[in-house]
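Here is how the chains run, residue by residue.
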Amino acid sequence: MASTHDGACESCRFFDDHKLNGGVAASDQGLCRFNPPVSQPAPESKGLWPVVASKDWCGHYTPEMTAAE
């Protein structure tokens, strides 16, 4: 089993820290682009991508999901 450091969100290719699109990440947070946007209770509300910390990890981790260089 991989350690949680190896599977941390910051090393996943689906972690969006907004640095590439000119945005600024709030502390160590980013968006999980692996999982679909979460729907909101109001029908007119837009879905939101799950917010994760860079050191978080999930059960979807595989070595193939590491961030591309």
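Everything below is about the structure shown above.
What you see is a predicted model, and the numbers here were worked out from it, not measured in a lab.

Chemist: Account for the side chain of Asp16, with residues named and values stated.
Modeler: Along the chain, the position of Asp16 falls in strand E1 (residues 15-16). With a relative accessible area of 18%, Asp16 lands in the buried category. In terms of polar contacts, Asp16 uses its side chain to reach the side chain of Arg33, at 2.8 Å.

Chemist: Tell me about the packing of aromatic side chains, and please be specific about residues and values.
Modeler: A full pass over the atoms with the stated rule returns 1 aromatic pair. Centre to centre, the rings of Phe14 and Phe34 are 5.4 Å apart; their planes meet at 75 degrees, and the pair counts as edge-to-face. With a gap of 20 residues between them, Phe14 in the segment before E1 and Phe34 in the loop between strand E2 (29-32) and strand E3 (51-53) connect regions that are remote in the sequence. A relative accessible area of 29% means that Phe14 is categorised as partly exposed.

Chemist: Quick rundown of the environment of Gln40? Include the residues and the values.
Modeler: Considering the arrangement of structural elements, one finds Gln40 in the loop between E2 and E3. Among all residues touching Gln40, those that are not within four sequence positions of it are Ser45, Lys46 and Leu48. Engagement of the side chain of Gln40 in a polar contact is seen with the backbone oxygen of Val38, the distance being 3.0 Å.

Chemist: I'd love a proper account of the pattern of salt bridges, names of residues and values included.
Modeler: Oppositely charged side chains are able to pair whenever their charged atoms sit close together. Following the criterion strictly, the structure yields 2 salt bridges and no others. Note that Glu10 is salt-bridged to Lys55, the shortest N-O span being 2.7 Å. Placement of Glu10 in the segment before E1 and of Lys55 in the segment after E3 is noted, with a sequence separation of 45 residues between them. The salt bridge involving Arg33 is made with Asp16; its shortest N-O contact spans 2.8 Å. Here the residue Arg33 occupies a position in the loop between E2 and E3, and Asp16 occupies one in strand E1, the gap between them amounting to 17 residues. What makes Arg33 partly exposed here is its relative accessible area of 32%.

Calculation rules
Chains are numbered independently. Their residues run from 1 in the order of the written sequence. Only residues with pLDDT of 70 or above have their local features reported here, since the model is predicted, and side-chain atom pairs are shown and tallied only from 80 upward, although totals for entire chains, interfaces and linings are computed over all residues. As a convention, hydrogens and water are excluded, and side-chain values are obtained from all of the structure's heavy atoms. Only runs of H or I of at least four residues qualify as helices and only runs of E of at least two qualify as strands under DSSP, and these elements are numbered from the N terminus. The buried label goes to any residue with under 20% of its type's maximum accessible area, the exposed label to any with over 50%, and the partly exposed label to all in between, with areas taken from a 1.4 Å probe on protein chains only. For the purposes of these results, a polar contact is taken to be a pair of N or O atoms within 3.5 Å, where, inside protein, one atom must be able to donate a hydrogen and its partner to accept one; residues adjacent in sequence count only when each atom of the pair is a side-chain atom. Geometry of aromatic contacts follows a simple scheme: Phe, Tyr and Trp rings, the Trp one being its six-membered ring, pair when their centres are within 6.5 Å, and the pair is stacked under 30 degrees between planes, edge-to-face over 60, tilted otherwise. In what follows, residue pairs with any heavy atoms lying within 4.5 Å of each other are defined as contacts. The salt bridge definition used is simple: a Lys or Arg side-chain nitrogen within 4 Å of an Asp or Glu carboxyl oxygen.

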